[in-house]
Amino acid sequence: QVHLVESGGGLVQAGGSLRLSCVASGQSLSDYAVAWFRQAPGEDRQFVSAIDQSSGFIRYADSVEGQWSISRDNAKNTVWLQMNNLKPVDTAVYYCAAELNGYGTTAIRSYKYWGQGTQVTVSS
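Residues numbered from 1 in each chain as written. Predicted model: local features only at pLDDT ≥ 70, side-chain atom pairs only at ≥ 80, totals over all residues. Heavy atoms only, no water.

Participant: Could you clarify how one ought to interpret the packing of aromatic side chains in this entry?
Facilitator: To describe a pair of aromatic rings, you give the distance between the ring centres and the angle between the ring planes. Taken as a whole, this structure holds six aromatic pairs when the rule is applied. Taking the centre distance of 5.9 Å and the plane angle of 85° together, the rings of Tyr32 and Tyr113 count as edge-to-face. A residue pair is termed long-range when its members are at least 10 positions apart, and Tyr32 in strand β4 (residues 32-39) and Tyr113 in strand β10 (residues 113-114) qualify at 81 residues. For the pair formed by Tyr32 and Tyr113, the shared burial category is buried. (Phe/Tyr/Trp six-rings, centres within 6.5 Å; stacked < 30°, edge-to-face > 60°. Helix = DSSP H or I, 4+ residues; strand = E, 2+ residues; numbered from the N terminus. Buried < 20%, exposed > 50% of the residue type's maximum accessible area, 1.4 Å probe, protein only.)

Here you go:
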């Protein structure tokens, strides 16, 4: 089974940028759609972005459209989330998740494989 590990989180001032990475092992990531979700304390897990197997279909939550970008390199088994103009409301644990032969759904229940999460904290 595929294993996912996120990295790149940390503490950043409002207006700054971070780039998160999701690296897969055990299976080729080329067979999976990948999505990013986030969860703030006391809140439900929230969809952020998704990308299909070949980067032909990409979707974003309305709150990040035009500001953030998702990309992948299947040769490196890696998906990135570039987060620009960060705000305190973006503070959360960020998770990557994979769906075998998926198209990039927003539905949490569709994703079987999850990373451990990486903390992003944005100060004002």
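This is not the end of the story, as more comes after the structure.
Participant: Where do I start with the sheet that holds strand β3 (residues 18-25) in this structure?
Facilitator: Sheet strands associate in pairs through backbone hydrogen bonding, adopting either a parallel or an antiparallel arrangement. Spatial ordering of the open sheet is given by β1-β3-β8-β7, a layout of four strands whose pairing is antiparallel. Two strands close off the open sheet at either side, each with one partner strand: β1 (3-7) and β7 (69-73). Pairwise comparison of adjacent strand axes, ignoring direction, gives a mean angle of 20° for this sheet. With five bridges joining them, β7 and strand β8 (residues 78-83) adopt antiparallel strand pairing. From the neighbouring strand, Ser71 faces β8, where its bridge partner is Trp80. (Pairing = 2+ DSSP bridges. Axes fitted to C-alpha atoms, helices over the stretch in contact; angles between N-to-C directions.)

Participant: What is the right way to look at the state of the cysteines in this model?
Facilitator: One way to say it: the disulfide is the covalent bond shared by the sulfur atoms of two cysteines. Under the defined criterion, the tally for this structure stands at one disulfide. Linked covalently through their sulfurs, Cys22 and Cys96 form a disulfide whose S-S length is 2.1 Å. Judged by the sign of its S-S torsion, about 65°, the bond between Cys22 and Cys96 is right-handed. In this pair, Cys22 sits in strand β3 while Cys96 sits in strand β9 (residues 92-100), placing the two residues 74 residues apart along the sequence. The burial state of Cys22 is the same as that of Cys96; both residues are buried. (Disulfide = S-S within 2.5 Å.)

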